[in-house]
Amino acid sequence: MSTITKIPFSKIFIGDSERKYLNEVLDSGWLTTAGKTLEFEKKFADFIGAKYACAVNSCTAALHLGIDALGIKAGDKVLIPSMTFAATGEVVRYIGAEIIPIDTEYGTNLITPEILEKAIEKHKDIKLLIVVHYGGQAAQIKELIEICNRHGIKIMEDAAHAFPTRKDGQLVGTFGDITCFSFYANKTITTGEGGMLVTNDESVYKRVKTMRLHGINRDIWDRFTSKTPSWEYDVIDAGYKYNMPDLAAAIGLGQLEKAELFRSERQKAVEFYYEKLKDLSMIDLPICHGELEDHAWHLFPIVLNQKASISRNEFIEKMSEQGVGTSVHYKPIHQLTYYKERYNLIKEDYPNAELTWSGNVSLPLYPYMTSEELQYIVDAVKNILA
Ligand SMILES: Cc1ncc(COP(=O)(O)O)c(C=O)c1O
C-alpha cells in the first residue's frame with residue numbers, strides 16, 4: 001500500500017537564504033520599499049539581461065502600469081488570448097480600453113503568428129497586443145513583434161508563468177518593450193504576492209516607477225534618506241499604490257538564487273509525465289515546440305479528449321478523492337459572464353480554446369517531486385481513465 005496520503009497541486013520551497021534576507025529586513029526596522037527591493041530589482045534585471053526592473057505588488061499591477069506607460073487610452077482596442085487568467089483582460093478595462101479575446105493554438109494555448117495575422121485582418125485599429133507565454137512556454141515572440149511593428153501595434157508580454165523561460169536560448173524579458181512577471185504564491189518563484197515589470201526603455205521605467213507610488217515624483221526610500229525633507233514632493237499624475245515591500249523582496253532575493261534549480265527540477269517531473277502518459281489515447285499532452293530546457297514548466301496541462309470515458313469535472317473529483325490536487329488553466333475569457341455579455345462573445349469563434357476547455361486539467365508540478373509521488377499521480381490518472 002502506498003504511504004502517500006496527499007499530493008498538493010503546487011508547493012513552495014523556502015530556504016535559509018530567504019530566512020536570512022527576511023531577518024535582515026525585520027532587524028532593519030524598515031519593512032516597506034527600500035534597499036532590499038532595490039537589490040531585488042537590480043538582481044532580477046541582471047538575471048534577465050534587461051536595463052530596468054520595477055518591483056510591484058502583483059503581476060496584475062505590472063500589467064496595469066505597463067498599459068499606462070504605453071499610452072493606451074479609454075476606447076483603444078487590445079488583443080489578448082482567450083485562454084488566459086482574468087488579470088490579462090481586467091487591466092485593459094481598468095483604463096476603459098476594450099479587449100478583443102482571440103483563439104490560441106491547440107496544445108500550447110499560445111497566440112501564433114498565423115492567428116495574429118488573421119485577427120489583425122478581422123479587427124481594425126488595434127492599439128496593443130498582450131502576449132501570454134502560457135504555462136511557461138514562450139510564444140514565437142520575434143515573429144509576433146515583427147507583425148505588430150508592421151501594423152503599428154504595440155506589444156506587451158504577460159510572462160506571469162514564464163520565469164525563467166527562453167526562446168531559442170534567449171530569455172523572455174529581452175525581446176519586447178515591456179514584460180511582466182508574477183511572484184504569486186504558486187508561481188515558479190514567489191514573494192507571496194508580487195510582480196516585476198522589465199523594460200529597456202528609460203521613459204517607460206520612469207513613468208512606471210512614478211505611477212507605482214501615487215504619481216509622486218520621489219520614491220519612498222529617497223524621501224527618507226536624502227537631505228530634502230520627506231514631505232517635499234509633487235504629484236504629477238493620479239498614480240496607484242503598487243510598490244513591493246522589502247519583506248516580499250527579501251523572499252524574492254532568496255527565491256531568485258534558486259530559480260534555475262527549481263526550473264530544472266520541474267523539468268524532471270515533466271519528463272516523467274511525458275514518458276509515462278504518452279501512450280494514453282484519452283489524453284492529449286501539452287505540446288512543447290522548442291527544447292524542454294527553454295520552458296519554465298509552470299504548468300503541465302493535459303486535455304481529456306473525446307476518447308475519455310469521463311468528464312473533466314468527474315476526473316478532477318476522482319483525483320481529489322485519491323488525494324491528488326489539480327487545477328484548471330483556464331476557463332477561457334470568452335466564457336466569463338462579464339466579458340461574454342459586454343462583447344457578445346460566441347464560442348464558435350474559439351474552436352481551439354473550446355476544445356481545450358472541454359477537458360483541461362493541470363497536474364501537480366513543483367520542484368523536488370519524488371518518483372514515488374509522480375508514479376502515484378500517473379497510476380491515479382490511469383486508474384481513473386481505465
Ligand atoms: C497569465 C496570468 N497573467 C497575470 C496573472 C496575475 O498575476 P498576479 O496574481 O501576480 O497579479 C496571472 C496569475 O495567475 C496569470 O496566470
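Only a predicted model underlies this, so the values are computations on that prediction, with no experimental measurement involved. (Residues numbered from 1 in each chain as written. Predicted model: local features only at pLDDT ≥ 70, side-chain atom pairs only at ≥ 80, totals over all residues. Heavy atoms only, no water.)

1. So, the packing of helix α3 (residues 59–69) against helix α4 (residues 86–94)
Put simply, α3 and α4 touch, their axes get as near as 9 Å, and they point 40° apart. Taken together, α3 and α4 sit at an angle that is classed as oblique. Between α3 and α4 lies a crossing of right-handed hand. Counted together, Thr60, Leu63, His64 and Ile67 of α3 and Ala87, Thr88, Glu90, Val91, Val92 and Tyr94 of α4 form the full contact between these two elements. Here the residues of the contact of α3 with α4 sort into 6 nonpolar, 3 polar and 1 charged. (Axes fitted to C-alpha atoms, helices over the stretch in contact; angles between N-to-C directions. Helix = DSSP H or I, 4+ residues; strand = E, 2+ residues; numbered from the N terminus. Parallel < 35°, antiparallel > 145°, perpendicular 65-115°, else oblique. Left-handed = near helix turned anticlockwise from the far one by under 90°. Contact = heavy atoms within 4.5 Å. Nonpolar A, V, L, I, M, F, W, Y, C, P; charged D, E, K, R; others polar.)

2. Some remarks on the pattern of salt bridges
According to the stated counting rule, one finds 17 salt bridges in the structure shown. Note that Lys20 is salt-bridged to Glu24, the shortest N-O span being 3.6 Å. With Lys20 and Glu24 both in helix α1 (residues 16–28) and 4 residues apart, this pair spans about one turn of that helix. Judged by relative accessible area, which is 43%, Lys20 ranks as partly exposed. For Glu24, a relative accessible area of 35% translates into the label partly exposed. The salt bridge partner of Asp68 is Arg207, with a shortest N-O separation of 2.8 Å. (Salt bridge = Lys/Arg side-chain N within 4 Å of Asp/Glu carboxyl O. Buried < 20%, exposed > 50% of the residue type's maximum accessible area, 1.4 Å probe, protein only.)

3. Observations regarding the state of the cysteines
Inspection of the entire model under this criterion finds 0 disulfides. Unpaired in this structure, Cys148 has its nearest cysteine sulfur neighbour in Cys180, at a distance of 15 Å. (Disulfide = S-S within 2.5 Å.)

4. A few points about the domain arrangement of the protein chain
Under the domain assignment, the protein chain is made up of domain 1 (16–258) and domain 2 (260–385). Listed by partner, the interface residues are 43 residues for domain 1 and 39 residues for domain 2. Overall, the association of domain 1 and domain 2 removes approximately 3,400 Å² of surface from exposure, summing both partners, and the carbon and sulfur fraction of that is 53%. Summed over the shared surface of domain 1 and domain 2, the result is 2 salt bridges. For Glu260, the salt bridge identified is with Arg166, shortest N-O distance 2.8 Å. At the surface where domain 1 touches domain 2, the tally comes to 30 residue pairs in polar contact (both at pLDDT 80 or more). For the side of domain 1 that touches domain 2, the elements supplying multiple residues, two or more each, are β2 (77–81), α4, β3 (98–102) and β6 (166–167). The class makeup of the residues in the side of domain 1 that touches domain 2 is 16 nonpolar, 16 polar and 11 charged. (Domains from an automatic or database assignment. Buried area = accessible area lost by both parts, 1.4 Å probe. Polar contact = N/O pair within 3.5 Å; in protein donor to acceptor, adjacent residues only side chain to side chain.)

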